[in-house]
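If you want the building blocks of each chain, they are given just below.
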Amino acid sequence: MPAQSMDELVSLCKRRGFIFPGSDIYGGLQGTYDYGPLGVELKNNLKAAWWRSMIYERDDIEGLDASILTHKMVLRHSGHEATFTDPMVDNRTNKKRYRLDHLLKDQKPEILSSISAAFGFEGEGVDALSSAMTKNPEKAEVALNAGKALDPDDGKPGNWTAPRPFNMMFKTTVGPVADEESYAYLRPETAQGIFTNFKNVVDSTSRRLPFGIAQIGKSFRNEITPRNFIFRVREFEQMELEFFVTPGTDDAWHSTWVETRLQWWRDQGLESNNLEPYHQTKEDLSHYSKATVDILYRFPHGLEELEGIANRTDFDLGSHTRGNDSLGIQANVEPNTDSTEKLTIPHPETQKPIVPFVIEPSAGVDRGVLAVLTEAYTKETLENGSERIVLKLRPHLAPIKVAVIPLAKNKLEITDVARKLKKDLQAIGFGRVLYEDTGNIGKAYRRHDEVGTPLCITVDFDTIGQGNKDGSEPSDPNLLGTVTVRNRDTMAQERIAMKDLPAYLLERLR
RNA sequence: GCGGGAGUAGCUCAGUCGGUAGAGCGUCAGCUUCCCAAGCUGAAUGUCGAGAGUUCGAGCCUCUUCUCCCGCUCCA
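The shown structure was predicted, so the numbers you read here are calculated from the model rather than taken from an experiment. Counting from 1, residues in each chain are numbered in the order their sequence is written. Chain letters and ligand numbers both follow the written order, the letters beginning at A and the numbers at 1. It should be noted that, the model being predicted, local features are given only for residues of pLDDT at least 70 and side-chain atom pairs only at 80 or more, the latter also being counted only at that level, while totals for whole chains, interfaces and linings use all residues. The basis for the side-chain values is all heavy atoms of the structure; hydrogens and waters are excluded.

## Observations concerning the overall build of chain A
Turning to step 1, where the next piece is worked out: Note on conventions: DSSP H or I runs of at least 4 residues are helices, E runs of at least 2 residues are strands, and numbering of each starts at the N terminus. When its secondary structure is counted, chain A shows 16 helices and 24 strands.
Turning to step 2, where the next piece is worked out: For the C-alpha atoms alone, the extent of chain A along its principal axes is close to 100 × 60 × 50 Å.
Turning to step 3, where the next piece is worked out: Three labels apply to residues, based on accessible area from a 1.4 Å probe with only protein chains included: buried if under 20% of the type maximum, exposed if over 50%, partly exposed otherwise in between. Here chain A, with 510 residues, has 51% of them falling under the buried criterion.
Turning to step 4, where the next piece is worked out: Restricting to contacts in chain A with at least 6 residues of sequence separation, those with at least 24 account for 64%. Whether two residues are in contact is decided by their heavy atoms, any of which lying within 4.5 Å being enough.

Next comes the structure, spelled out in structure tokens:
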């Protein structure tokens, strides 16, 4: 049974060195977490598994690592400057806070028109009214109160503040002079770096449709309320694929990718009944998307998004394309005279330049780590009544692959063999091997259960051809040069010759 | 940002009326044991989240602030 509460996971992560609060010794910085010695291994393993499945095991995807600092024009034309700046208003009476456009949409028609009249608005539509009000906050405050806008919570007229922008993107100054214009953004998603490099990748790899560009990297969002451990944080890591397809084939590719991604998460050890695809409704869809399927996972705090697979149509490449009004782009894109490029590729049949559609499977690395930890966390009651905590991680994700344990830590003949074995196994290169000599053998096993080490190898007296501590009992000559290998999940042990270990381990740690 | 709860050793937590800082587990060293958290001896680790105030004296009372949890709000 997976972890039931976030608290027990947080505690294990801190205790064993997976994840710590960011800036801990100064009281912590909200929405930041640091990965410790075991956490970084786990996270790297998860990313490596994704990269392998995208880049190495397929023939139609290229890799990329774009910079985090991003030109403001990129995020202007991507639509983020507009949509990531939500004007908020507060009701002073009951202390509730709303997005201005949401609040307006909740009003009855007659109230909406009296607000509109009080503001002196002459255009059409709630969104236009909202953006007009955002540009003139003082007048907007007067209009909201004069028009008696109702609070959706209690249905009474509120005492409204002026709308104030809340920017979800982190800005930073670039260069020595901090003035109005010398700023850049920390990217709010890795995707834009892929779109801006579309032409570079196509030109340097001779790719033709369909093909994808994959990237893993940090992104930053100034979340209002970071919450739930590493689930919602301000600095996080994404694994994103932008898969470019011929318009018309996009729906089929979208379904294909949903299936592919679900299977990948199952391969990381997540149980099917804890994974749930969710088809976003029209109201949920973001500004760029034609259809989005979320892969939800049953986290300790609830069923929430692990990955989103969006059909972004030709919106992104279209938006970043110079002279995009002449290319028959299907998405509703703003004219672009800032970009220097046409982000097009020949149509596979007509060879005419087109802006392709893009399917985007976008997964959160940190959320993935949290899901994998949640799923793996297991509390078992043993036959003797004692309890053990086991992280039943898939071997390819385990931070430590093998622990080599000398049965007696003060017996040189044994520790020498164990140390040499550790070194030899490490050299094979399947991941981290640890020499473990703290406490007694049972303690060592339990410690490695708790961090998910799949196999523990014990060097004992038989290994060195000695029946017991002082050699007073005869040793079985067949056991000379063999060790015991103990399985994390079953606790069963096997006797294996040291020379056979490399093959044995490679087969089991894949 | 609002409302509620919490913050004391690495973890889980106790701390009475305001009067010298505690337990269990864990960690480290040594001994012992030698295959599933056994035992013995010893040790380290606390600005009691931070700052200010009241007081002869504050872990405890007051204020400010930070962080975490729950519920709102938000969530490309």
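## Considering the nonpolar core
Turning to step 1, where the next piece is worked out: Joining through side-chain atoms within 4.5 Å is the link that ties buried Ala, Val, Leu, Ile, Met, Phe, Trp, Tyr and Cys residues into a set, and such a set is a nonpolar core. Core analysis: the largest hydrophobic core is formed by 56 residues, its most contacted members being Ile-19 and Trp-265.
Turning to step 2, where the next piece is worked out: Among all residues touching Ile-19, those that are not within four sequence positions of it are Cys-13, Lys-14, Tyr-33, Asp-34, Tyr-35, Gly-36, Phe-229, Ile-230, Val-369 and Leu-373.
Turning to step 3, where the next piece is worked out: Within the second largest apolar cluster, 24 residues are counted, among which are Tyr-288, Val-333, Leu-343 and Val-358.

## A closer look at the packing of aromatic side chains
Turning to step 1, where the next piece is worked out: In this scheme Phe, Tyr and Trp rings, the latter by its six-membered ring, pair at centre separations within 6.5 Å, and the angle between planes marks the pair as stacked below 30 degrees, edge-to-face above 60, and tilted otherwise. Under the definition given, this model contains twelve aromatic pairs.
Turning to step 2, where the next piece is worked out: Geometrically, the ring pair formed by Phe-231 and Phe-299 is edge-to-face, given 5.1 Å between the ring centres and 70 degrees between the ring planes. Note that Phe-231 is positioned in the loop between strand 10 (211–220) and strand 11 (235–245) and Phe-299 in strand 13 (residues 291–299), a separation of 68 residues in sequence. The same class applies to Phe-231 as to Phe-299, namely buried.
Turning to step 3, where the next piece is worked out: Relative to Trp-253, the ring of Phe-243 lies with its centre 4.6 Å away and its plane at 50 degrees, an arrangement referred to as tilted. Linking Phe-243 in strand 11 with Trp-253 in helix 11 (residues 250–267), this pair joins segments that are ten residues apart in sequence.
Turning to step 4, where the next piece is worked out: Of the residues examined, Trp-253 reaches a relative accessible area of 21% and is grouped as partly exposed.
Turning to step 5, where the next piece is worked out: Ring pairs connect the aromatic residues Phe-195, Phe-198, Phe-211 and Phe-244, which therefore count as one cluster.
Turning to step 6, where the next piece is worked out: Look at NZ for Lys and CZ for Arg. If either is within 6 Å of the ring centre and within 35 degrees of the ring normal, a charge sits over the ring. Between the NZ or CZ atom of Lys-43 and the centre of the ring of Tyr-35, over which it lies, the distance is 4.1 Å.
Turning to step 7, where the next piece is worked out: The positively charged end of Lys-139 is found above the aromatic ring belonging to Phe-119, 5.1 Å away from the centroid.

## Overview of the sheet that holds strand 3 (residues 61–64)
Turning to step 1, where the next piece is worked out: Any two strands with at least two DSSP bridges between them are considered paired. Reading across from one edge, 3-10-11-17-14-13-12 is the order of the seven strands in this open sheet, with mixed pairing throughout. Of all the strands in the sheet, the pair left with one neighbour each is strand 3 and strand 12 (275–279). With direction set aside, neighbouring strand axes in the sheet form an average angle of 25 degrees.
Turning to step 2, where the next piece is worked out: Relative to strand 11, strand 10 runs antiparallel, the two sharing ten bridges. Directly across from Lys-218, in strand 11, lies its bridge partner Glu-237.
Turning to step 3, where the next piece is worked out: Here an angle of 0 to 180 degrees is reported between the N-to-C directions of two axes, which are lines fitted to C-alpha atoms, with helices fitted over the stretch in contact. Helix 2 (residues 37–56) contacts strand 3, strand 10 and strand 11 of the sheet and is inclined by roughly 160 degrees relative to strand 10.

## Digging into the packing of helix 1 (residues 6–16) against helix 13 (residues 365–376)
When two helices pack together, their arrangement is given by the angle between their axes and by how far apart the axes lie.
Turning to step 1, where the next piece is worked out: Between helix 1 and helix 13, the least distance of the axes is 11 Å, while the angle of their chain directions is 105 degrees. In this view, helix 1 runs roughly perpendicular relative to helix 13, as classed from their interaxial angle. Contact residues: helix 1 offers Met-6, Leu-9 and Cys-13, while helix 13 offers Leu-370, Leu-373 and Thr-374.
Turning to step 2, where the next piece is worked out: Looking at the contact of helix 1 with helix 13, its residues break down into five nonpolar, one polar and no charged. Working definition: roughly parallel below 35 degrees, roughly antiparallel above 145 degrees, roughly perpendicular at 65 to 115 degrees, and oblique for all remaining angles. Note on residue categories: nonpolar means Ala, Val, Leu, Ile, Met, Phe, Trp, Tyr, Cys or Pro, charged means Asp, Glu, Lys or Arg, and polar means any other residue, Gly included.

## Some points on the protein's contact with RNA strand B
Turning to step 1, where the next piece is worked out: Nearness is defined per residue: one heavy atom within 4 Å of the molecule or strand is enough. Contacts to RNA strand B come from 45 residues, most closely from Arg-99, Arg-221, Arg-232, Ser-286 and Asn-440.
Turning to step 2, where the next piece is worked out: By atom count, sugar and phosphate contribute 58% of the portion of RNA strand B lying within 4 Å of the protein.
Turning to step 3, where the next piece is worked out: Lys-14 has a polar side-chain atom sitting 2.7 Å from a phosphate oxygen of RNA strand B.
Turning to step 4, where the next piece is worked out: Nitrogen and oxygen atoms within 3.5 Å of one another constitute a polar contact, given that in protein one can donate a hydrogen and the other can accept it, and given that sequence-neighbouring residues count only through two side-chain atoms. Between RNA strand B and Met-491 there is a distance of 2.6 Å, counted from a base nitrogen to a backbone nitrogen or oxygen.
Turning to step 5, where the next piece is worked out: Those elements that place two or more of their residues in the surface near RNA strand B are helix 1, strand 6 (96–99), helix 15 (441–451) and strand 23 (482–487).

## Regarding the pattern of salt bridges
Turning to step 1, where the next piece is worked out: Note on definitions: salt bridges are taken to be side-chain nitrogens of Lys or Arg within 4 Å of carboxyl oxygens of Asp or Glu. Following the criterion strictly, the structure yields 26 salt bridges and no others.
Turning to step 2, where the next piece is worked out: The salt bridge partner of Lys-218 is Glu-235, with a shortest N-O separation of 2.7 Å. Of this pair, Lys-218 sits in strand 10 while Glu-235 sits in strand 11, and the two are 17 residues apart along the sequence.
Turning to step 3, where the next piece is worked out: Classification of Glu-235 by relative accessible area gives partly exposed; the value is 34%.
Turning to step 4, where the next piece is worked out: Asp-251 is the salt-bridge partner of Lys-290, the closest N and O atoms lying 3.4 Å from each other. Note that Lys-290 is positioned in the loop between strand 12 and strand 13 and Asp-251 in helix 11, a separation of 39 residues in sequence.
Turning to step 5, where the next piece is worked out: Assessed through its relative accessible area of 38%, Lys-290 is described here as partly exposed.
Turning to step 6, where the next piece is worked out: In the salt-bridge network here, residues are joined through shared partners; they are Glu-380, Arg-388, Lys-392, Asp-449 and Arg-486.

## Topic: unusual backbone geometry
Turning to step 1, where the next piece is worked out: In this model, Leu-209 is joined to Pro-210 through a cis peptide bond whose omega is -10 degrees.
Turning to step 2, where the next piece is worked out: Structurally, the position occupied by Pro-210 is in the loop between helix 10 (198–205) and strand 10.
Turning to step 3, where the next piece is worked out: In this structure, Ser-206 is a non-glycine residue whose phi angle is positive, near 55 degrees.
Turning to step 4, where the next piece is worked out: The residue Ser-206 is located in the loop between helix 10 and strand 10 in this model.

## Let's talk about the confidence of the model for chain A
Turning to step 1, where the next piece is worked out: The predicted model of chain A averages 89 in pLDDT, with 98% of residues at 70 or higher.
Turning to step 2, where the next piece is worked out: Confidence, expressed as mean pLDDT per element, reaches its minimum in chain A at strand 7 (residues 164–167) with 71 and its maximum at strand 3 with 98. Confidence scores here are pLDDT values: one per residue, from the predictor, ranging 0 to 100.

## Regarding the pairing of strand 22 (residues 455–459)
Turning to step 1, where the next piece is worked out: The element strand 22 is extensively covered by neighbouring structure, given that five of its five residues are classed as buried.
Turning to step 2, where the next piece is worked out: Burial of the side chains of strand 22 extends over both faces: Leu-455, Ile-457 and Val-459 are buried on one face and Cys-456 and Thr-458 on the other.
Turning to step 3, where the next piece is worked out: In this sheet, strand 23 lies alongside strand 22 in antiparallel orientation, the contact comprising four bridges. Looking at the pairing, Leu-455 lines up with Asn-487 of strand 23.

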